[in-house]
Amino acid sequence: MPGIDIDRAWDLHPQVSVRPEPFGALLYHFGTRKLSFLKDRRLLEVVRSLEDAPTARAACTAAGVPDSDLARYSAALAALVRSRMVVERTP
């Protein structure tokens, strides 16, 4: 499963709505009509931090992701990219 470059800037797709839940969050893409579940509240914080962070790595740092868990969060973000919930930020 290919990863993403966490040293690039990423954003939540503009057609994605985030609904926080006790287990994490629901992400709904109005364009593709896909639903994704975030089962980790810290991952929710990473996703919410993407917009203001210069890179995905910075969003992870802001959310308190330890370096030892960075690969796991990178894989989770890659899954969100594949489902078009997260897109690379364009200048």
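Please refer to the structure placed before this passage.
Since this is a predicted model, take the numbers as computed values, not measurements. (Residues numbered from 1 in each chain as written. Predicted model: local features only at pLDDT ≥ 70, side-chain atom pairs only at ≥ 80, totals over all residues. Heavy atoms only, no water.)

(A) Region of interest: the pattern of salt bridges. A full pass over the atoms with the stated rule returns eight salt bridges. Taking the shortest distance from any N to any O, the salt bridge between Arg8 and Asp5 comes out at 3.3 Å. Between Asp69 and Arg72 there is a salt bridge; the shortest N-O distance is 3.7 Å. The partly exposed category is assigned to Asp69, whose relative accessible area is 24%. Among the ionic contacts, a cluster of salt bridges with common partners joins Asp5, Arg8 and Glu88. (Salt bridge = Lys/Arg side-chain N within 4 Å of Asp/Glu carboxyl O. Buried < 20%, exposed > 50% of the residue type's maximum accessible area, 1.4 Å probe, protein only.)

(B) The sheet that holds strand S2 (residues 16-21), seen in detail. Read across the sheet, three strands follow the order S2-S3-S4 without closing on themselves; strand pairing throughout is antiparallel. In this open sheet, the two strands that pair with only one neighbour each are S2 and strand S4 (35-38). Here the average twist between neighbouring strands, direction ignored, is 20°. Of the strand pairs in this sheet, S2 and strand S3 (residues 24-29) are connected by six bridges, and their pairing is antiparallel. Bridge pairing in S3 places Glu21 opposite Gly24. On top of the sheet, helix H1 (residues 41-49) reaches S2, S3 and S4; it is set at about 145° to S2, its chief contact. (Pairing = 2+ DSSP bridges. Helix = DSSP H or I, 4+ residues; strand = E, 2+ residues; numbered from the N terminus. Axes fitted to C-alpha atoms, helices over the stretch in contact; angles between N-to-C directions. Contact = heavy atoms within 4.5 Å.)

(C) A nonpolar patch on the surface, seen in detail. A grouping of Phe23, Leu35 and Phe37 is seen on the molecular surface, where their side chains present a nonpolar patch of about 300 Å² in accessible area. Relative to the helices and strands, Leu35 is located in strand S4. With a relative accessible area of 47%, Leu35 lands in the partly exposed category. (Patch = residues over 30% accessible without salt bridge, like charges linked within 9 Å, V, L, I, M, F, W, Y side chains within 5 Å. Areas by Shrake-Rupley, 256 points an atom, 1.4 Å probe, with all protein chains shown as cover.)

(D) Structural detail: helix H3 (residues 70-82). With 13 residues, H3 extends 18 Å between its outermost C-alpha atoms, agreeing within 8% with the 18 Å of an ideal straight helix rising 1.5 Å per residue. Listed in full, the buried residues belonging to H3 are Leu70, Tyr73, Ser74, Leu77, Ala78 and Leu80. The arc that holds every buried residue of H3, seen down its axis, measures 160°, which confines them to one face. As for H3, its buried residues are in contact with S3, S4, H1, helix H2 (56-62) and strand S5 (86-88). Phi for Arg84, located one or two positions after H3, is positive at around 65°. (Expected span 1.5 Å × (residues − 1). Arc of directions from axis to C-beta.)

Structural measurements only, silent on function.
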